[in-house]
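Here's the letter readout for the chains.
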Amino acid sequence: MSLPISHPALSVADPELAALVGAEEQLQADTLRLIPSENYVSAAVLEATGTVLQNKYSEGYAGRRYYEGQQNIDQVETLAVERAKAVFGVEHANVQPYSGSPANLAAYLAFAEPGDTVLGMALPMGGHLTHGWGVSATGRWFRGVQYGVRPGSALIDFDEVRDLARKERPKIIFCGGTAVPRTIDFAAFGEIAREVDAVLVADIAHIAGLVAGGAHPSPVPHADVISTTTHKTLRGPRGAMLMSRASHAKAVDKAVFPGLQGGPHNHTTAAIAVALREAAAPSFRDYAHAVVANAKALAEALLARGYDLVSGGTDNHLVLIDLTSKDVPGKVAAKALDRAGIVVNYNTVPFDPRKPFDPSGIRIGTPSLTSRGLGTDRMPLVAEWIDRSVTAAAKGDEDALAVIRGEVAELLAGYPAPGLPTD
Ligand SMILES: *Cc1c(COP(=O)(O)O)cnc(C)c1O
């Protein structure tokens, strides 16, 4: 199946670049995308990102701009803000952060001074770079103290979190992560943060769509600030939001602009508004629950094939596979899967004896395949493909990988992806 290049102006003006976009469309159509932070946005979200709104400069906030000509932009941003407040049930929303990392940096700027202590989950345990990890600006300019998970269960050790919080007295506590397959206990974090008078930032970048769709508990009653990207399970454009109680609204807004950023990306703001309208629809609740049901079904099928899963399974959209017992390093498996048309990323597992650039695990997730309409009935086949690919990787069997690639493309042809051209 060959997709038409869907951008006539671009194909005339810059055929070289247009060909690359077309090739990427083809790749996203034909491969099973299991990276848990990726998704397919709707055609409407995609269209909003490619509008003339991108031509505008509008530093400031609606009604308080430093530029004239904001008649439409103010309304666009207000729509996005009001929809965010309604979808997440928050008192305040700032939709201007350029992405998740700058959103988190704005939280530091709002609630801490350089050198202050912050408490976050260690990167190799499933946390994010921006939660105070050493190589990140957040770990260089602040004193990052890190909690992990229990050996064995791989669940967050709240005794450790409480002990560290009492001893280190962090200004900010971050919860949430990038490789956490289990429900985040926001209430437990909130209790600890209140006890030590820290600001609790719930970073729901990965699970925002599940929270919006009622498939993961909401941090709203427990967190002072909620940080999220808009492009992962929320299925919006690449962007981010900071949400908070009304009492923190000023501090959050000042930190984003003028503290950290200049003009907001208005085309992105528009697409966030569109995504939030979609997230408010009943069908998005179905989507969020289907993402989790698919992840659980996939985990079950992998367990049945003898795979070790970090924490033994999943409560959300992602599954972390520890390949140690299969004798295949994560990177080797990920590269073989890619050749089989199954796109994943290699990932550290808690207490990984291997190096971060060559770790023991792979991380997979169901947001994208669920957006294509695959259901739990297909998850045993997905597990079979993964298993056959890992086995082929161990044997260096390139022919087997090519066969799987064909099977994947054939099945996916029956599940057209949102936002991609169809022929
Ligand atoms: C993805 C992610 C981020 C960063 O988002 P970017 O848009 O990649 O900067 C921050 N925190 C968590 C938990 C994430 O998963």
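Conventions used here
Residues numbered from 1 in each chain as written. Predicted model: local features only at pLDDT ≥ 70, side-chain atom pairs only at ≥ 80, totals over all residues. Heavy atoms only, no water. Pairing = 2+ DSSP bridges. Helix = DSSP H or I, 4+ residues; strand = E, 2+ residues; numbered from the N terminus. Contact = heavy atoms within 4.5 Å. Axes fitted to C-alpha atoms, helices over the stretch in contact; angles between N-to-C directions. Core = buried A, V, L, I, M, F, W, Y, C linked by side-chain atoms within 4.5 Å. Buried < 20%, exposed > 50% of the residue type's maximum accessible area, 1.4 Å probe, protein only. Domains from an automatic or database assignment. Parallel < 35°, antiparallel > 145°, perpendicular 65-115°, else oblique. Left-handed = near helix turned anticlockwise from the far one by under 90°. Nonpolar A, V, L, I, M, F, W, Y, C, P; charged D, E, K, R; others polar.

Novice: Which residues make up the sheet that holds strand E15 (residues 361–365), and what values do they have?
Specialist: What the four strands build is an open sheet, ordered E11-E12-E15-E14; its pairing is antiparallel. With partners counted over all chains shown, the strands left at the sheet margins are strand E11 (308–309) and strand E14 (345–347), one partner each. Bridging between strand E12 (residues 318–322) and E15 involves five bridges; their strand directions are antiparallel. The partner of Asp 322 across the bridge, within E15, is Gly 361. Strands in contact with helix H12 (residues 282–304) are E11, E12 and E15; relative to E12, the strand with the most contacts, it is inclined by about 20°.

Novice: Any chance you could break down the nonpolar core for me, citing the residues and the numbers?
Specialist: With 59 residues, the main nonpolar core has Phe 88, Tyr 147, Ile 173, Phe 189, Ile 204 and Met 241 as its most contacted residues. Counting the residues that make up this core, at least three belong to each of domain 1 (48–279) and domain 2 (284–412). Apart from the residues within four sequence positions on either side, Phe 88 is in contact with Ile 204, Ala 208, Val 211, Ala 212, Val 220, Leu 234, Met 241, Met 243 and Leu 276. Membership of the second largest hydrophobic core comes to 38 residues, among which are Leu 323, Val 328, Ala 392 and Leu 411.

Novice: Go over the packing of helix H7 (residues 158–168) against helix H8 (residues 186–195) with me, naming the residues and quoting the values.
Specialist: Between H7 and H8, the shortest axis-to-axis distance is 10 Å and the interhelical angle comes to 15°. With respect to H8, the element H7 is oriented roughly parallel. As for how H7 packs across H8, the hand of that crossing is right-handed. Between H7 and H8, the contacting residues are Phe 158, Val 161, Arg 162, Ala 165 and Arg 166 on the first element and Ala 188, Phe 189, Ile 192 and Glu 195 on the second. The residue inventory of the contact of H7 with H8, partitioned by class, reads six nonpolar, no polar and three charged.

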